[in-house]
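# Structural characterization, general
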2 protein chains.
Amino acid sequence: MTKLHGNAVIGQSGGPTAVINASLAGVYLAAKASGKIGTVLGMVNGFEGFLSERLVNLGNYLKTGEDLEQLCRTPASYLGSCRLKLPDWKENDKIYQEAFELFEKYDIRYFFYIGGNDSMDTVMKLSSYAKKTGKEICFIGVPKTIDNDLLATDHTPGYGSAAKYIATTLREITRDSQAYFLNSVTAVEIMGRNAGWLTASAALARQKEGDSPDLIYLPECSFSFEQYLADLKKVFQRKKNIIVAVSEGIRTSDGKYVCESVASGKEDVFGHKYLGGVANLLANYAAEKLSCKTRGIELNVPQRCAGHLISKTDMEEAVENGKSAVQFALEGRTGVMAAYERVSMEPYQIAFSPVEIESIANREKMIPSEWISGDRNDVTEEFVRYARPLIQGEVDLIYENGLPKQLVLPREDF
Amino acid sequence: MTKLHGNAVIGQSGGPTAVINASLAGVYLAAKASGKIGTVLGMVNGFEGFLSERLVNLGNYLKTGEDLEQLCRTPASYLGSCRLKLPDWKENDKIYQEAFELFEKYDIRYFFYIGGNDSMDTVMKLSSYAKKTGKEICFIGVPKTIDNDLLATDHTPGYGSAAKYIATTLREITRDSQAYFLNSVTAVEIMGRNAGWLTASAALARQKEGDSPDLIYLPECSFSFEQYLADLKKVFQRKKNIIVAVSEGIRTSDGKYVCESVASGKEDVFGHKYLGGVANLLANYAAEKLSCKTRGIELNVPQRCAGHLISKTDMEEAVENGKSAVQFALEGRTGVMAAYERVSMEPYQIAFSPVEIESIANREKMIPSEWISGDRNDVTEEFVRYARPLIQGEVDLIYENGLPKQLVLPREDF
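Before going into details, it helps to say that this report is about the structure given with it. Keep in mind that this is a model prediction, so the values were computed, not measured.

Residue and element names in this part refer to chain B. When you line up the elements, Asp314 lands in helix H12 (residues 312-330). As a buried residue without a salt bridge, Asp314 has its nearest oppositely charged side chain in Lys164, at a separation of 9.8 Å. From its side chain, Asp314 meets the backbone nitrogen of Gly158 in a polar contact 3.0 Å long.

Here's what the structure looks like:
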């Protein structure tokens, strides 16, 4: 009989995605299969919950293969999430002492944290504290974010599913916008405050060349209302119904968010009372200047939790990625994230490798400038070649009463 | 060889739905199969387009079985739509004379119009004019509306798919809202200005008793902010994350739309600048009064065009309904709509019958009072029993490059 190394604990952190639970399933499955890990604990509400000892023995909840299949198909953090920024331990190590006492209490040997760049900061700090104090615990980061803005990884789990949802919805909105025989501008607001990966995925909606979306405004490029108006007029020369995909995070050349006037409740730049986010702002501007029908649509949270439309590629990769994290831990790695590496473009093929977490934590990856069109209102074919493999494949969902069934941690237990 | 009766013309009118093209496919298929109808023409942009002779021979575009399968799976009006209110022909029959000259020019014997209560007004007026002038043309209405507000029909095609989308999305938003360990109110704005059928469908999102949505506010009941606050406090006694489903059309007891202050750009009732529709209004109110995390989400047009999540029952019924319209026409009926009749509750079973269009045109069906809960913030189990069969079944979509493929009428042709 193999000697057990100790127990493992897994947490989820930051904003939810549609496949963050597939990563959890991957870690859980590999940990159980390893034969070297005892109990697999889940932190309820991330590291914040861990510090309050809100822990579950995952084996009590993930009992069957069907449970795990359902887990992979359930969007948003099964274990709950948190947004906790740890202090620098060189300045204040109180929280670290408490945490490491709990690690000892629960005989934790492996710590897995599924999250984005902020969550990787937690992994980085805990692992560096462990190294300094000589604790033999492996801290492994598992990537997660719809924003796709993590460095040192080809892409992030969650992005492919969000992109599939955005592109599908954009294509459907295009059909809807073409119903009437009149000129129209439909502005669609997409998540991503600083990095434009999600907004760029709108380009995948095109069934053939010349299809909508017609204009794509990314946060990587400064936004000008004059240029926007010129862009609209140019598109109207060839079609009646314009679809604009716009990032919530677009900024004018002075660096101010275009939607900043909104949050403050001020009048917008045209002296109108503000009627919503940046989509409504762009729609209202077009209505004012071009006297056409307009509509603003904010895709909102369904972008990150549309479990009914996940990318099969994304889900399967997330499971494998979670498994790879366990492998790296068992190899004794710590302070690393299980990154995606694109080993082949044609056919598309991914491998996982451990990357030092210092190169990832608290940093953001933007769309390369050469993947943005010359007139800064679209993406290039290179972006499409990069992103298209990530949205491939559909998952067989488990339906009950006409709706996708979800696996829910009974909240009354905690 | 059967003698042909003449040609048929089909139009789509009013707001799009996810299965309005399945109705079109049904009419087309039955017309071709009848052996009694010559050419099947499509009006591009409804009756308005017909009057400008913007017509297509549908046989040139719907050539294969695959074309028709794709048509059924493509949301929003394939032929384009219009919103045209005909004058009373007793007062002004100019447009009628023009129309009937065109009917003669194109040898039209059958006229099918797919639409809601406004579109049924067109069918009613044309058929009554034909009767008065002795023209032997059959005018048949084919129901369509996500709002489910047509009288004399058990339900309308398009409603089941919209309800499936709304319930699925609500369930996903519920998962998302539970991520953090704090009190939250998420208000979700749903279409339906006067009738609450779509908002009520949010109730289908519940996987088990006590699940979200926790409060459902229908336009059938007058809305009070004091009661809303009391309702929230009551739900907070048993759970941390509240989901509110609210109709865009809720009104206060004085009959004014709660969101009226929005459109006018005025400050809202709390002296704040308005930040969007009724969902944001309810979210902001909760944030102000209860100091909790809040979010407003407007489901917006994806409710009516989410072709990727249509109800199989809805799609198949729409095809059969379109076929029944042709049958009624061939039986010589005119001035009727092909209505849905629920002939059995268990098992759920539907038949189609022709109903006089006067009983439908320009009228709206509301949710029966007995299907609304005693405290006016939910629906009863009877509503759920009524609505659940309509969202059953999933359609095998045709995917290409990771997205549902759509059939698009080449716009450059018209």
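And the narrative resumes.
So, about empty space enclosed by the protein. Residues and elements named next belong to chain B. Taken as a whole and assessed by the stated rule, the structure comprises five cavities of 30 Å³ or more. There is about 140 Å³ of room inside the largest cavity. Together, 15 residues line the largest cavity, and Asp176, Ser177, Thr186, Lys293 and Arg295 are the ones closest to its centre. Only helix H6 (159-177), strand E6 (184-190) and strand E9 (293-298) provide two or more residues apiece to the lining of the largest cavity. Per element, the largest residue contribution to the lining of the largest cavity is four residues, and it comes from E9. For the lining of the largest cavity, the per-class residue count stands at seven nonpolar, four polar and four charged.

Glancing now at the nonpolar core. Grouped together as the largest cluster of nonpolar side chains are 77 residues, with contacts concentrated most on A:Leu170, A:Ile190, A:Phe383, B:Leu170, B:Ile190 and B:Phe383. Setting aside residues up to four positions removed in sequence, B:Leu170 forms contacts with B:Val188, B:Ile190, B:Ala202, B:Ala205, B:Pro213, B:Ile243 and B:Leu299.

Listed as interface residues are 63 residues of chain B and, on the opposing side, 63 residues of chain A. Of the roughly 5,400 Å² buried between chain B and chain A on both sides combined, carbon and sulfur atoms contribute 53%. Looking at the side of chain B facing chain A, the largest losses of area belong to B:Glu172, B:Tyr180 and B:Leu403, adding up to 12% of the total buried there. If you look at where chain B meets chain A, you find 34 residue pairs in polar contact (both at pLDDT 80 or more). Elements supplying a minimum of two residues to the side of chain B that touches chain A: H6, E9, helix H11 (302-305), strand E12 (399-400) and strand E13 (403-404) of chain B. Per element, the largest residue contribution to the side of chain B that touches chain A is 10 residues, and it comes from H6(B). Across the side of chain B that touches chain A, the residue classes tally to 26 nonpolar, 21 polar and 16 charged.

All names here are of chain B. Strand order in the open sheet made by the four strands is E7-E8-E6-E9, with parallel pairing throughout. Bordering the open sheet on either side are strand E7 (215-217) and E9, each of which pairs with just one other strand. Averaged over neighbouring strand pairs, the angle between their axes works out to 15° when direction is ignored. Two elements, E6 and E9, share six bridges in a ladder whose sense is parallel. Bridge pairing in E9 links Val185 to Thr294. Seen against the sheet, H6 touches E6, strand E8 (241-247) and E9 and runs at an angle of roughly 165° to E6.

What follows covers the side chain of A:Asp214. Residue and element names in this part refer to chain A. Along the polypeptide, Asp214 turns up in the loop between helix H7 (197-200) and strand E7 (215-217). The class of Asp214 is buried, set by a relative accessible area of 7%. A distance of 2.6 Å separates polar atoms of two side chains, one belonging to Asp214 and the other to Lys239. Looking at Asp214, its side chain comes within polar contact range of the main-chain nitrogen of Ile243, at 2.8 Å.

Pairing between sheet strands relies on hydrogen bonds along the backbone, with the strands arranged either parallel or antiparallel. Residues and elements named next belong to chain A. Pairing is parallel across the open sheet formed by four strands, whose spatial order is E7-E8-E6-E9. Each having just a single partner strand, E7 and strand E9 (293-298) make up the two edges of the open sheet. Within this sheet the neighbouring strands show an average axis-to-axis angle of 15°, counted without direction. Pairing of strand E6 (residues 184-190) with strand E8 (residues 241-247), which is carried by seven bridges, proceeds in the parallel orientation. For Ala187, the partnering residue across the bridge sits in E8 and is Val244. Lying over the sheet, helix H10 (residues 278-290) contacts E6, E7, E8 and E9, oriented at roughly 175° with respect to E9.

Glancing now at the packing of helix H4 (residues 94-105) of chain A against helix H5 (residues 117-133) of chain A. Residue and element names in this part refer to chain A. Running from N to C, H4 and H5 point in directions that differ by 80°, and their axes come no closer than 11 Å. The angle between H4 and H5 places the two elements in the roughly perpendicular class. Taking contact as the criterion, the partners of Tyr96, Gln97 and Phe100 in H4 are, on H5, Lys125, Leu126, Tyr129 and Ala130. Tallied by class, the residues present in the contact of H4 with H5 amount to five nonpolar, one polar and one charged.

In this section: the environment of A:Lys105. Residues and elements named next belong to chain A. Locating Lys105 in the fold gives a position in helix H4. For Lys105, a relative accessible area of 55% translates into the label exposed. Along the sequence, Lys105 and Ser52 sit 53 residues apart, while their C-alpha atoms lie 13 Å from each other. Within the structure, Lys105 has its side chain in polar contact with the side chain of Glu53 (distance 2.6 Å).

Bringing the packing of helix H1 (residues 20-34) of chain A against helix H12 (residues 312-330) of chain A into the picture now. Residues and elements named next belong to chain A. In the contact formed by H1 and H12, the axes pass within 7 Å of each other and the chain directions differ by 40°. Looking at the two axes, H1 sits oblique to H12. Handedness of the crossing formed by H1 with H12: right-handed. On H12, the residues touching Ala22, Ser23, Gly26, Val27, Leu29, Ala30, Ala31 and Ser34 of H1 are Met315, Ala318, Val319, Gly322, Lys323, Val326 and Leu330.

Residues spaced three or four apart along an α-helix face the same direction, because each turn holds 3.6 residues. Residue and element names in this part refer to chain B. Look at helix H8 (residues 225-236): 17 Å from first C-alpha to last across 12 residues, which is about the 16 Å you get at 1.5 Å a residue. Listed in full, the buried residues belonging to H8 are Phe225, Tyr228, Leu229, Asp231, Leu232, Val235 and Phe236. The buried residues of H8 all sit within an arc of 160° when viewed along its axis, so they share a single face. With respect to the buried face of H8, the exposed residues turned more than 90 degrees away are Glu226 and Lys234. Against E6, E7, E8 and helix H10 (278-290) lie the buried residues of H8. Between the side-chain oxygen at the start of H8 and the backbone nitrogen of Glu226 there is a gap of 3.3 Å, and the oxygen is on Ser224.

Residue and element names in this part refer to chain A. Of note, the amide linkage connecting Glu346 to Pro347 takes the cis form, showing an omega dihedral of -5°. Relative to the helices and strands, Pro347 is located in the loop between strand E10 (336-344) and strand E11 (349-356). A positive phi angle, near 60°, is found at Asn300, a position not held by glycine. By the secondary structure assignment, Asn300 is in the loop between E9 and helix H11 (302-305).

Rules and cut-offs
- Residues numbered from 1 in each chain as written.
- Chains lettered and ligands numbered in written order.
- Predicted model: local features only at pLDDT ≥ 70, side-chain atom pairs only at ≥ 80, totals over all residues.
- Heavy atoms only, no water.
- Helix = DSSP H or I, 4+ residues; strand = E, 2+ residues; numbered from the N terminus.
- Buried < 20%, exposed > 50% of the residue type's maximum accessible area, 1.4 Å probe, protein only.
- Lys, Arg positive; Asp, Glu negative; His and termini not counted.
- Salt bridge = Lys/Arg side-chain N within 4 Å of Asp/Glu carboxyl O.
- Polar contact = N/O pair within 3.5 Å; in protein donor to acceptor, adjacent residues only side chain to side chain.
- 1 Å grid on protein atoms, 1.4 Å probe; cavity = no way out; pocket = protein on both sides within 12 Å on 5 of 7 lines; lining within 4 Å.
- Points joined across faces, edges and corners; volume = space filled by probe spheres on them.
- Nonpolar A, V, L, I, M, F, W, Y, C, P; charged D, E, K, R; others polar.
- Core = buried A, V, L, I, M, F, W, Y, C linked by side-chain atoms within 4.5 Å.
- Contact = heavy atoms within 4.5 Å.
- Buried area = accessible area lost by both parts, 1.4 Å probe.
- Pairing = 2+ DSSP bridges.
- Axes fitted to C-alpha atoms, helices over the stretch in contact; angles between N-to-C directions.
- Parallel < 35°, antiparallel > 145°, perpendicular 65-115°, else oblique.
- Left-handed = near helix turned anticlockwise from the far one by under 90°.
- Expected span 1.5 Å × (residues − 1).
- Arc of directions from axis to C-beta.

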